[in-house]
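Topology and contacts: notes
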Amino acid sequence: QDALDQKDYEKATALAKEGIEHDSEFPGLVTNWYECLLKIAESQKDTERIILYARHLLLNSNRPSQDYYEILRKTVPPEEWTDFVETIVQEAMERKPYYGVDLVASIFVREEWWSRLLDLVKKECSLDRLAKYEKPLAKHFPSELAYLYAERIIEYVVDRVGRD
């Protein structure tokens, strides 16, 4: 922070990268170091590195301290945005099949890609996920949502109700 306050960006970057190497076994600390790198890049108005670090944090941070998606939306040129988002969606599903679903679903909500959200929720359906995305799905696909709920509730009852 001292190096950043003194606008010694080279030193701040070197310290953050050293921190990433040193704390590689502790994902939470590594995330903090990447946030420092993002802050440095923003201070320097280095769009290439802002995109690099915000993208990394979006895909790898479990408890984001900032809205990395919005940072990316403001930084990536508009004509490249859709392709950029598609690569994020693809990478999230490949790298984090279970946790990536909610990241991808949140992207579909933000981009207002309702039919893709419905397809994703159908594919990765659970009562919790239905409840989480109920509001936008109910607005655009009320009958499909009701059908998905009926299926999941019946599965839930069959698995959990009985003599035992």
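Since we're looking at a predicted model, the values are computed, not measured. The written sequence of each chain sets the order in which its residues are numbered from 1. With the structure being a predicted model, the display of local features is reserved for residues of pLDDT at least 70 and the display and counting of side-chain atom pairs for 80 or more, all residues being used for whole-chain, interface and lining totals. To get the side-chain values, all heavy atoms of the structure are used, and hydrogens and water are removed first.

**Brief notes about the nonpolar core**
For clarity, the threshold we go by: Throughout, nonpolar core names a set of buried Ala, Val, Leu, Ile, Met, Phe, Trp, Tyr and Cys residues whose side chains join them through atoms within 4.5 Å. Exposure categories follow from relative accessible area, calculated using a 1.4 Å probe and restricted to protein chains: below 20% of the type maximum is buried, above 50% is exposed, and the middle band is partly exposed. Numbering of helices and strands runs from the N terminus, with a helix taken as a DSSP run of H or I at least four residues long and a strand as a DSSP run of E at least two residues long.
Leu 38, Leu 117 and Leu 137 are the most contacted members of the largest nonpolar core, which totals 50 residues. Among the elements that take part in this core, helix H4 (residues 47-60) stands out by supplying 7 residues, more than any other.

**Thoughts on unusual backbone geometry**
Note: most peptide bonds trans; most residues except glycine with negative phi. One non-glycine residue with positive phi stands out, namely Lys 7, at about 60°. Take Lys 7: its relative accessible area is 60%, and that puts it in the exposed class. Look at Lys 45: it is not a glycine, yet its phi comes out positive at around 55°. For Lys 45, the position within the fold is in the loop between helix H3 (27-44) and H4. Under the relative-accessibility criterion, Lys 45 is labelled exposed at 67%.

**As for the packing of helix H5 (residues 68-75) against helix H7 (residues 99-111)**
Definition in use: In this description, a line fitted to the C-alpha atoms serves as the axis of each element, helices being fitted only across the stretch in contact, and the angle between N-to-C directions of two axes falls anywhere from 0 to 180 degrees. Each angle receives one of four descriptions, namely roughly parallel if under 35 degrees, roughly antiparallel if over 145, roughly perpendicular if within 65 to 115, and oblique otherwise. Two helices cross in a left-handed way if the nearer one is turned anticlockwise from the farther one by less than a right angle. They cross in a right-handed way if the turn is clockwise. Contact definition: two residues touch when any of their heavy atoms are within 4.5 Å. Nonpolar residues are Ala, Val, Leu, Ile, Met, Phe, Trp, Tyr, Cys and Pro. Charged residues are Asp, Glu, Lys and Arg, and all others, Gly as well, are polar.
Where H5 contacts H7, the axes come no closer than 12 Å and their chain directions differ by 50°. Regarding the angle of H5 to H7, the classification is oblique. Viewed along their axes, H5 and H7 form a crossing whose handedness is right-handed. Counting all contacts with H5, which are made through Tyr 69, Glu 70 and Arg 73, the residues of H7 involved are Ile 107, Arg 110 and Glu 111. Taken together, the residues of the contact of H5 with H7 sort by class into 2 nonpolar, no polar and 4 charged.

**A closer look at a nonpolar patch on the surface**
Stated formally: The patches described consist of residues with a relative accessible area above 30% and no salt bridge, like charges being joined within 9 Å and nonpolar side chains (Val, Leu, Ile, Met, Phe, Trp, Tyr) within 5 Å. Here, Shrake-Rupley sampling with a 1.4 Å probe gives the accessible areas, and only protein chains in the shown set may cover a residue. Take a side-chain nitrogen of Lys or Arg and a carboxyl oxygen of Asp or Glu: if they are within 4 Å of each other, that pair is a salt bridge.
Residues Ile 153, Tyr 156, Val 157 and Val 161 make up a contiguous nonpolar surface patch of about 370 Å² in total accessible area. With respect to the helices and strands, Val 161 occurs in the segment after helix H11 (142-160). Overall, Val 161 belongs to the exposed group, its relative accessible area being 61%.

**What about the packing of aromatic side chains?**
Selection criterion: Each Phe, Tyr or Trp ring (for Trp, its six-membered ring) is paired with any other whose centre lies within 6.5 Å, and the angle between the two planes then decides the class: stacked below 30 degrees, edge-to-face above 60, tilted in between.
Enumeration over the complete set of coordinates arrives at 4 aromatic pairs. Ring geometry for Tyr 69 and Trp 81: centres 5.4 Å apart, planes at 70°, overall edge-to-face. With Tyr 69 in helix H5 and Trp 81 in helix H6 (residues 78-95), this residue pair connects regions lying 12 residues apart in the sequence. Residues Trp 81 and Phe 84 carry aromatic rings whose centres are separated by 5.9 Å and whose planes lie at 25° to one another, so their mutual orientation is stacked. One end of the pair, Trp 81, and the other, Phe 84, are both in helix H6, 3 residues apart, so they sit about a helical turn from each other. Aromatic ring contacts, followed pair by pair, group Tyr 69, Trp 81 and Phe 84 into a single cluster.

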